[in-house]
Amino acid sequence: MTAKGRDELTLCFSPEEIEARVSILAQELNSKLANERVVAVCVLRGAVLFFADLVRKLSIPNLVFDFCTLSSYGDKDVSSGEVSVRTWLSQDISDAHVLIVEDIVDTGRSMQTFLARLALCPQKGITLCALLDKSESRVCAVPIDYACFQVKAGFYVGYGLDFAQRYRHLPGIYTLHQNWVAGLFFS
Ligand code: IMP
Ligand code: MG
């Protein structure tokens, strides 16, 4: 599938459903990490809305933010298979529990790359939260501690998730299909 074609979006999770799941996740993290120094890591760019909503529900007193950028998809909907770390963490994590906030674990290559690099840095512990777990597509085993939603193979957009950088701003999560009409396309 390319970025050309008429996109059809089907609602998968409404803003209300997302809010409810994020609240439950926050409660679990508040219990688990209450007494830790936490570095909450937003995996840019897809996790940005999930991160923003989740951290506002966390009551962990000793929490700071950090950001990293991984890249594997470019503007396509199939992973290139080559993951690169574009921006690494800037906070000191040596005495911290690292709370990774990721949009979706698909093949698992990105998180495997990230976790392998994190394992080289001294830290007190790691918790991996994913908004979506697309486990059918997994190629690398990844220890996800919390997933808001299990999803089937397919392509998901909205609530931070993009297709060719589009649709990130949608408040719900949608599956995306593209329809070709007699060789013409509409956008
Ligand atoms: P991986 O295949 O697990 O390495 O997935 C890497 C990244 O690809 C995810 O963190 C997302 O940013 C992106 N990705 C995977 N599946 C989807 C999808 O269905 N929609 C939008 N982005 C996706
Ligand atoms: Mg991502």
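None of these values were measured; they are calculated from a predicted model.

A. Layout of the overall build of the chain. When helices and strands are counted, the chain shows three helices and nine strands. When its helices and strands are written in sequence order, the chain yields β-α-β-α-β-β-β-α-β-β-β-β. Counting only residues that meet the buried cut, the chain has 47% of its 187 residues in that class. Across the chain, every contact between residues at least 6 apart in sequence was considered, and the portion connecting residues at least 24 apart equals 71%. Accessible area for the chain stands at about 9,300 Å²; split by element, carbon and sulfur atoms hold 53% of it.

B. Representation of the site of ligand 1 in the model. Taken together, 17 residues lie near ligand 1, and D103, T107, G108, S110 and Y156 sit nearest. Between ligand 1 and G108, the relevant distance is 2.8 Å, taken from an oxygen atom to a main-chain nitrogen or oxygen of the residue. Side-chain polar atom of S110 to an oxygen atom of ligand 1: 2.6 Å apart, as the coordinates give it. In the complex, the protein chains occlude 92% of the 490 Å² of accessible area that ligand 1 would expose alone. Among the elements of the structure, strand 5 (97–105) and helix 3 (109–119) are those that each provide at least two residues to the shell around ligand 1. Tallying contributions element by element places strand 5 first for the shell around ligand 1, with four residues. When the residues that make up the shell around ligand 1 are grouped by side-chain class, the tally is six nonpolar, five polar and six charged.

C. Up close: helix 2 (residues 48–55). Residues F50, F51, L54 and V55 constitute the buried set of helix 2. Along helix 2, the residues classed as buried sweep out an arc of 115 degrees about the axis, all on the same side. Lining the buried residues of helix 2 we find helix 1 (15–33), strand 2 (38–44), strand 3 (63–71), strand 5, strand 6 (125–133) and strand 7 (146–150).

D. Summary view of the packing of aromatic side chains. All chains considered together, the criterion is met by six aromatic pairs. Their ring planes at 75 degrees and their centres at 5.0 Å tell us that F51 and F65 sit as a pair that is edge-to-face. You can see F51 sitting in helix 2 and its partner F65 sitting in strand 3, a full 14 residues away along the chain. The exposure class assigned to F51 is buried, which follows from its relative accessible area of 4%. On the basis of relative accessibility, which here comes to 40%, the residue F65 falls in the partly exposed class. Their ring planes at 75 degrees and their centres at 5.8 Å tell us that F155 and F163 sit as a pair that is edge-to-face. Just as F155 is buried, F163 falls in that class too. Chaining the aromatic ring pairs together yields one cluster made of F51, F65 and F67. Directly above the ring of W88 sits R117, whose terminal nitrogen or CZ lies 4.3 Å from the centroid.

E. Inspection of the pattern of salt bridges at higher detail. Summed over the entire model, instances satisfying the criterion amount to seven salt bridges. The shortest N-O distance in the salt bridge between K57 and E19 comes to 2.6 Å. Taken together, the positions of K57 in the loop between helix 2 and strand 3 and E19 in helix 1 put the pair 38 residues apart, joining distant regions of the chain. With a relative accessible area of 27%, K57 lands in the partly exposed category. Since its relative accessible area comes to 42%, E19 is described here as partly exposed. In this structure, R56 and D53 form a salt bridge, with 2.9 Å as the shortest nitrogen-oxygen distance. Assessed through its relative accessible area of 64%, R56 is described here as exposed.

Reading guide: rules and limits
- Residues numbered from 1 in each chain as written.
- Chains lettered and ligands numbered in written order.
- Predicted model: local features only at pLDDT ≥ 70, side-chain atom pairs only at ≥ 80, totals over all residues.
- Heavy atoms only, no water.
- Helix = DSSP H or I, 4+ residues; strand = E, 2+ residues; numbered from the N terminus.
- Buried < 20%, exposed > 50% of the residue type's maximum accessible area, 1.4 Å probe, protein only.
- Contact = heavy atoms within 4.5 Å.
- Areas by Shrake-Rupley, 256 points an atom, 1.4 Å probe, with all protein chains shown as cover.
- Near = heavy atom within 4 Å.
- Polar contact = N/O pair within 3.5 Å; in protein donor to acceptor, adjacent residues only side chain to side chain.
- Nonpolar A, V, L, I, M, F, W, Y, C, P; charged D, E, K, R; others polar.
- Arc of directions from axis to C-beta.
- Phe/Tyr/Trp six-rings, centres within 6.5 Å; stacked < 30°, edge-to-face > 60°.
- Lys NZ or Arg CZ within 6 Å of the ring centre and 35° of its normal.
- Salt bridge = Lys/Arg side-chain N within 4 Å of Asp/Glu carboxyl O.

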